[in-house]
Amino acid sequence: QVQLVESGGGLVQAGGSLRLSCAASGSIFSIYSMGWYRQAPGKQRELVADITSSRKTNYADSVKGRFTISRDSAKNTVYLQMNSLKPEDTAVYYCKFVTYYSKWSNYWGQGTQVTVSS
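Q: Just to check I follow, could you spell out the overall build of the protein for this structure?
A: When helices and strands are counted, the protein shows 0 helices and 11 strands. For the protein, the residues scored as buried account for 45% of the 118 residues in total. A fraction of 54% describes how many contacts in the protein between residues 6 or more apart in sequence connect residues 24 or more apart. By element, 47% of the accessible surface of the protein is carried by carbon and sulfur atoms, the whole surface being about 6,500 Å². Treating the 13 positive side-chain charges of the protein as one cloud and the 7 negative ones as another, the clouds have centres 5 Å apart.

Q: For this particular structure, what's the right way to read the sheet that holds strand β1 (residues 3-7)?
A: Strands in a sheet are paired, the pairing made by backbone hydrogen bonds, and the direction either parallel or antiparallel. The sheet built from 4 strands is open, its strands ordered β1-β3-β8-β7 with antiparallel pairing. Each end of this open sheet is capped by a strand with a single partner; those strands are β1 and β7 (67-72). Sheet twist, expressed as the average angle between the axes of neighbouring strands with direction ignored, equals 15°. Sheet topology places β7 next to strand β8 (residues 77-82); 6 bridges connect them, and they run antiparallel. From the neighbouring strand, arginine 71 faces β8, where its bridge partner is valine 78.

Q: What exactly am I supposed to notice about the pattern of salt bridges here?
A: Under the criterion given, the structure shown has 4 salt bridges. Where aspartate 89 meets arginine 66, a salt bridge forms, and the shortest distance between an N and an O atom there is 2.8 Å. Here the residue aspartate 89 occupies a position in the loop between β8 and β9 (91-100), and arginine 66 occupies one in the loop between β6 (57-59) and β7, the gap between them amounting to 23 residues. Both residues of the pair, aspartate 89 and arginine 66, belong to the buried class. Overlapping salt bridges, with partners in common, bring together Arg38, Glu46, Arg66 and Asp89 in one network.

Q: Mind showing me how you'd approach the side chain of threonine 77 here?
A: Checked against the element boundaries, threonine 77 lands in strand β8. Here lysine 75 takes part through its backbone oxygen, which lies 2.9 Å from a polar atom of the side chain of threonine 77. Discounting chain neighbours no more than four positions away, the residues touching threonine 77 are Cys22, Ala23, Met34, Ser70, Arg71 and Asp72.

Q: When you look at the pairing of strand β10 (residues 104-108) in this model, what are you seeing that I'm missing?
A: In the case of a regular strand, side chains alternate between the two sheet surfaces. Here 5 bridges tie β9 to β10, and the two strands are oriented antiparallel to one another. Following the sheet pairing, valine 98 is matched in β10 by asparagine 106. Counted along the chain from β9 to the antiparallel partner β10, the turn is 3 residues long, and its residue serine 102 has a positive phi close to 75°.

Criteria and thresholds
Residues numbered from 1 in each chain as written. Predicted model: local features only at pLDDT ≥ 70, side-chain atom pairs only at ≥ 80, totals over all residues. Heavy atoms only, no water. Helix = DSSP H or I, 4+ residues; strand = E, 2+ residues; numbered from the N terminus. Buried < 20%, exposed > 50% of the residue type's maximum accessible area, 1.4 Å probe, protein only. Contact = heavy atoms within 4.5 Å. Areas by Shrake-Rupley, 256 points an atom, 1.4 Å probe, with all protein chains shown as cover. Lys, Arg positive; Asp, Glu negative; His and termini not counted. Charge placed at Lys NZ, Arg CZ, Asp CG, Glu CD. Pairing = 2+ DSSP bridges. Axes fitted to C-alpha atoms, helices over the stretch in contact; angles between N-to-C directions. Salt bridge = Lys/Arg side-chain N within 4 Å of Asp/Glu carboxyl O. Polar contact = N/O pair within 3.5 Å; in protein donor to acceptor, adjacent residues only side chain to side chain.

These results come straight from atomic positions and should not be treated as a statement about function.
Take a look at the structure:
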């Protein structure tokens with residue numbers, strides 16, 4: 001059974017940095033994309049950034065120039081480097097892997113809290 005385990009969340013002051021990691025355990029094949037989403041209280045979950053198997057990246061406008069997504073395919077791990085953090089970045093961050101192995105499948109992590117104080 002595939003599990004995604006996130007780490008790296010925490011409390012940081014505005015302007016600070018955090019690095020999130022998400023690693024897959026279990027048998028996972030043909031990862032098409034890896035991504036990060038976030039959900040703030042009272043808001044819908046939104047895409048932060050994703051990266052495909054060909055390393056094409058996509059970012060939400062609100063994080064462009066501040067966040068960087070990267071992946072280590074050999075380790076089935078995705079990272080999110082977050083710089084110049086703002087209070088509005090406060091949310092629970094979730095990783096998501098999309099695979100295609102005869103069918104499309106989505107796998108989600110359990111979420112990690114990021115809190116940015118002003």
